[in-house]
Structure formats: structure tokens, C-alpha cells
Amino acid sequence: LTLVAIGCPGITPHENFKSHLYHQIGKSIDEIPPYQWPFEKDKVDSKVLLNGNIENKYKHYRENCFYIFEIDPKTRKIVDARFEGSEKDCVINP
């Protein structure tokens, strides 16, 4: 009997963060489970963009990482996502 270990390369914590973040695009800001994104208590800024969409900025649990969602105010859907911070701060352990 021969056992062969088969696996794919591990995803880094930063890649996992980005995957989770971008996976929220297209979802309703009102229907994301509270254990995922975003936490309203972590919102640090909200503004109306020139295109009429709302941009909410949230603080990630690491001090120097923020994630930003652009939201269509009519549908309440996330239409874009981005982050500010380094690879060492913007992480979610896989």
C-alpha cells in the first residue's frame, strides 16, 4: 500500500483576506451575516461618491488595515471592494 499526499499550494493569509473581501461584491450590504463582513461598529467613514454610490470604510481587526465597500444606494448591493493596508496587516488565516 502506497500513500501519496496530494494537495494544492497553501493560500496565504493575505490572499485569503482578498478572496473573502472580493467575494462580497454583488451581495446586499444588509444580508451579509454578522460573522462575515462588515461589522457596523467597525465603520470609520461613510461618504457619497460623485456617481451617487455610497462608500463605507471599515477598520479590520488589525490596526493598519481598512476595507472599503462601494454600495449602490438603490439596490443596497456591494458593487466594488478594495482595501488599504499591507500584506501583513490585511489577513484572514485560512
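Higher on the page you've got the structure.
To keep things clear, this report deals only with the structure shown in the data block.

## Thoughts on the environment of Asp89
Then step 1. Along the chain, the position of Asp89 falls in the segment after β4 (78–84).
Then step 2. Judged by relative accessible area, which is 10%, Asp89 ranks as buried.
Then step 3. Taking the C-alpha atoms as reference points, Asp89 and Cys65, 24 residues apart in sequence, are found 5.6 Å from one another.

## Some remarks on the packing of aromatic side chains
Then step 1. With the rule as written, the count across this model stands at four aromatic pairs.
Then step 2. Between Tyr58 and Tyr67 the ring centres are 5.2 Å apart and the planes differ by 15°, which places this aromatic pair in the stacked class. For the residue pair Tyr58 and Tyr67, the accessibility class agrees, reading buried in each case.
Then step 3. Every member of this aromatic cluster is reached through a ring pair, and the members are Tyr58, Tyr67 and Phe69.
Then step 4. The positively charged end of Lys57 is found above the aromatic ring belonging to Phe66, 4.7 Å away from the centroid.
Then step 5. In this structure, Lys59 is placed above the aromatic ring of Phe66, and the distance from its NZ or CZ to the ring centre is 5.8 Å.

What counts and what doesn't
- Residues numbered from 1 in each chain as written.
- Predicted model: local features only at pLDDT ≥ 70, side-chain atom pairs only at ≥ 80, totals over all residues.
- Heavy atoms only, no water.
- Helix = DSSP H or I, 4+ residues; strand = E, 2+ residues; numbered from the N terminus.
- Buried < 20%, exposed > 50% of the residue type's maximum accessible area, 1.4 Å probe, protein only.
- Phe/Tyr/Trp six-rings, centres within 6.5 Å; stacked < 30°, edge-to-face > 60°.
- Lys NZ or Arg CZ within 6 Å of the ring centre and 35° of its normal.

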